[in-house]
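Reading the structure
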Amino acid sequence: MAEFICPRTRNYKGERKDLVLLTVVVLFSVFELCCCHASERIYHVPLKRSIVTTLMTGYSVESDRRAIDKRSASKNLYGHAGEGYYLEMLVGSPPQKINVLVDTGSSNLAIAASPSPEITTYFHRDQSSTYVKDGREVHVPYTQGEWSGELGQDDITLTFLPNVTFRPNIVCITSSRNFFINGSEWQGIVGLAYRVIARPDSSLTPFFDTLIEESKLNNTFSIQLCGRPSSDISGDISSSNDDSMGGSMTIGGISSDLYKGNIFYTPIQKEWYYEVLITDIEVDQASLNLDCKEYNFDKTIVDSGTTNVRFPDKVFKTLVAQITAKVLNIETKIPETFWNGEEVICWNDTDVPFNAFPTISLSFFKTKNSIFKLHLSPQKYLRLVTDTSSFMSVISKLDNIPQKCFKFGISSSESGTVLGAVLMEGYYVIFDRENKQIGFASTTCPAVYNTGSTDTIQGPIIVTKNITDCFYVKSTNDQSALMVVAYVMAGVCALCLLPLIIMVIQWQYRRSCGKQPGTDTDSGILIDK
């Protein structure tokens, strides 16, 4: 414990100024330190994400990059309605053919490496001379399923890029629950998103990053999902119960024969999922009139691995109410269970009332003062289903007559807005990672049902309001928590300052009153602190 020396026993006149100056400096330094830390916690928290406004009006392949194999623009995606699109790849040495679901909503390549009742084939690691085990375990849970496996590396060749072989990280799935789909014809999943969401952690280099690095292709891919290929012949799918689908994927750029018209780009807001920004949603050109932050609560992503278009619950309920008001006059009464996906509705082949259903329009951020709109026709969001056995009941207009049954292709979400295949099937979608943007163009896929209805793009449209405010902002509860932390820090700073203030006051008092050493039993405690 330090000893307090009375000013009367020393020549303190010159030291007084030094002490006061030193005290002021200490007080100011502590105050500045405390306040700076408190302000950092309040104002440096990124409540809004930054906006990338540099947009590309066209696309050109760099001269030092490899030319795109034209076969990448031909049909190379397959699938069945409601079960996703898959592509073929050759894994290992000698090569084993595995079909993998194309998923822009994840980042791992994961393939079956053990038998499962839902699949007919799997990757035999012991038969590949080039497979190398990593040793790390990976577990991925979903809302209604999960899979687990072991990491490794092996040679991969995509059948539509036969001259490109590379060695990505592969999760060999050894156990799963409700992941594989019986009859879907795929035995794995290839995630095309960023490393931030890779499992087991972001240190793992994702499939697409390895492909681009080793192939020297442009850091871009594009997808055309066409739905049922029977429409490729006549544009009328009413005569077939075949639920198979087709599409095309191009790696390294875009293919001019897969789209028509202009390409409209929206910035990628954050490189984890392919996150974009919706500024408004309309039903037959009438806005839902919600705060545009609601549309992006808590994110909006483009995800080929999801079938439906999914909206946050508040947006979904408002949208359904608007659509319901538009379809009151059709002969078949639509029950509430149709909107939540529990039931399907069937009509005669020639009596499907598409014209009674409204068009849904989604507005996307283009620049800080412009947007473009994607129009989603009822021919797209009314999903044709051939197997109705999994639904609670079927609402049918007339029995014993050939009919087509439809499911509502829009659903509620607890994890943000998801723009799935129902939307993507209307457009050619470019994932331009090189320039951090997603592009949409009118597809060359034939119009469905031979109705002449095609999904169109409208823009650019100049806006005067501040559409950057459409970013989702954390709730006030989160902000209040930050304020509480700031006030606690300020209180701690005040407690640190209090002894110094008391010490100065005490020193001034001692000087004026002339107390002798040792008469203040608290003086040592004050100095010790």
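This text follows the structure it describes.
Presented here is a report on the structure given in the accompanying data block. (Residues numbered from 1 in each chain as written. Predicted model: local features only at pLDDT ≥ 70, side-chain atom pairs only at ≥ 80, totals over all residues. Heavy atoms only, no water.)

What follows is about the overall build of the protein. In terms of regular secondary structure, the protein is built from ten helices and 28 strands. Within the span of the protein, comprising 529 residues, buried residues form 50% of the whole. Of the contacts made within the protein by residues no fewer than 6 positions apart, 74% connect residues no fewer than 24 positions apart. (Helix = DSSP H or I, 4+ residues; strand = E, 2+ residues; numbered from the N terminus. Buried < 20%, exposed > 50% of the residue type's maximum accessible area, 1.4 Å probe, protein only. Contact = heavy atoms within 4.5 Å.)

So, about the state of the cysteines. Tallied over the entire structure, the rule returns three disulfides. The residue that forms a disulfide with Cys292 is Cys470, at a sulfur-sulfur distance of 2.1 Å. When the S-S torsion is -95°, as for the bridge of Cys292 with Cys470, the disulfide is left-handed. Placement of Cys292 in helix α4 (residues 292-295) and of Cys470 in the loop between β28 (457-462) and α9 (476-513) is noted, with a sequence separation of 178 residues between them. Taken as a pair, Cys292 and Cys470 share a single burial class, namely buried. Paired through a disulfide, Cys346 and Cys405 show a sulfur-sulfur distance of 1.8 Å. Residues Cys346 and Cys405 are joined through a disulfide that is right-handed, its torsion about the S-S bond being 100°. Of the two residues, Cys346 sits in strand β18 (residues 343-348) while Cys405 sits in strand β23 (residues 403-408), which places them 59 residues apart along the sequence. Its relative accessible area of 12% is what places Cys405 among the buried residues. (Disulfide = S-S within 2.5 Å.)

All right, on to the environment of Ile170 then. By the secondary structure assignment, Ile170 is in strand β9 (residues 169-177). Sequence spacing of Ile170 and Pro206 is 36 residues, and the spatial spacing of their C-alpha atoms is 9.1 Å. Not counting residues within four places of it along the chain, the set of residues in contact with Ile170 comprises Val91, Leu109, Ile111, Glu150, Leu151, Gly152, Asp154 and Ile156.

Ranked by size, the top nonpolar core spans 97 residues in total, and within it Phe207, Ile251, Ile281 and Phe357 carry the most contacts. With five residues, helix α5 (residues 313-326) is the largest single contributor of residues to this core. With near-sequence residues (within four places) excluded, Ile281 lies in contact with Ala286, Ser287, Leu288, Tyr295, Phe311, Val315, Leu319, Ile360, Ser361 and Leu362. Counting 17 residues, the second-largest nonpolar core is a separate cluster that includes Tyr86, Val140, Ile189 and Leu204. (Core = buried A, V, L, I, M, F, W, Y, C linked by side-chain atoms within 4.5 Å.)

Let us now look at the pattern of salt bridges. Under the definition given, this model contains twelve salt bridges. Measuring nitrogen to oxygen at the nearest pair gives 3.3 Å for the salt bridge that ties Glu146 to Arg177. Of this pair, Glu146 sits in strand β6 (residues 146-153) while Arg177 is found in strand β9, placing the two residues 31 residues apart along the sequence. Its salt-bridge partner being Glu282, residue Lys373 comes within 3.1 Å of it at the nearest N-O pair. (Salt bridge = Lys/Arg side-chain N within 4 Å of Asp/Glu carboxyl O.)

This part takes up the sheet that holds β28. Read from one edge to the other, the open sheet built from five strands follows the order β15-β14-β19-β20-β28, with strand pairing classed as antiparallel. Strands with a single pairing partner mark the edges of an open sheet, and in this sheet they are β15 (286-287) and β28. Note that strand β14 (residues 278-283) and β15 share two bridges and pair antiparallel. Looking at β15, one finds that Glu282 is bridged to Ser287. Strands β14, β15 and β19 (360-367) of the sheet are contacted by α5, whose axis makes an angle of about 25° with β14. (Pairing = 2+ DSSP bridges. Axes fitted to C-alpha atoms, helices over the stretch in contact; angles between N-to-C directions.)

Once that is clear, we can look at α5. The end-to-end C-alpha distance of α5 is 20 Å, a good match for the 20 Å that 14 residues give at a rise of 1.5 Å each. Within the span of α5, buried status applies to Val315, Phe316, Leu319, Val320 and Ile323. Summarising the axial view, the buried residues of α5 lie within an arc of 130°, below the 170-degree limit, and thus occupy one face. The outward face of α5, more than 90 degrees from its buried face, is lined by the exposed residues Lys317 and Ala325. (Expected span 1.5 Å × (residues − 1). Arc of directions from axis to C-beta.)

This brings us to the environment of Gly152. With respect to the element layout, Gly152 can be found in strand β6. For Gly152, a relative accessible area of 0% corresponds to the buried category. Along the primary structure Gly152 and Val171 are separated by 19 residues, whereas in three dimensions their C-alpha atoms are 6.3 Å apart. Excluding residues that lie within four positions of it along the chain, Gly152 makes contacts with Tyr131, Val132, Lys133, Asp134, Pro168, Asn169 and Ile170.

The step from Ser93 to Pro94 runs through a cis peptide bond, and the omega angle for that step is -5°. Mapped onto the elements of the fold, Pro94 is located in the loop between β2 (85-91) and β3 (96-103). With an omega dihedral of -5°, the bond running from Gly459 to Pro460 counts as a cis peptide bond. Looking at where Pro460 falls in the secondary structure, it is placed in strand β28. Backbone geometry at Asn178 places phi at a positive 55°, although glycine is not the residue there. Here Asn178 shows up in the loop between β9 and β10 (188-191). Phi at Asn289 takes a positive value of approximately 60°, unusual for a residue other than glycine. Within the secondary structure, Asn289 is located in the loop between β15 and α4.

Such coordinate-based values are descriptive only and should not be taken to indicate function.
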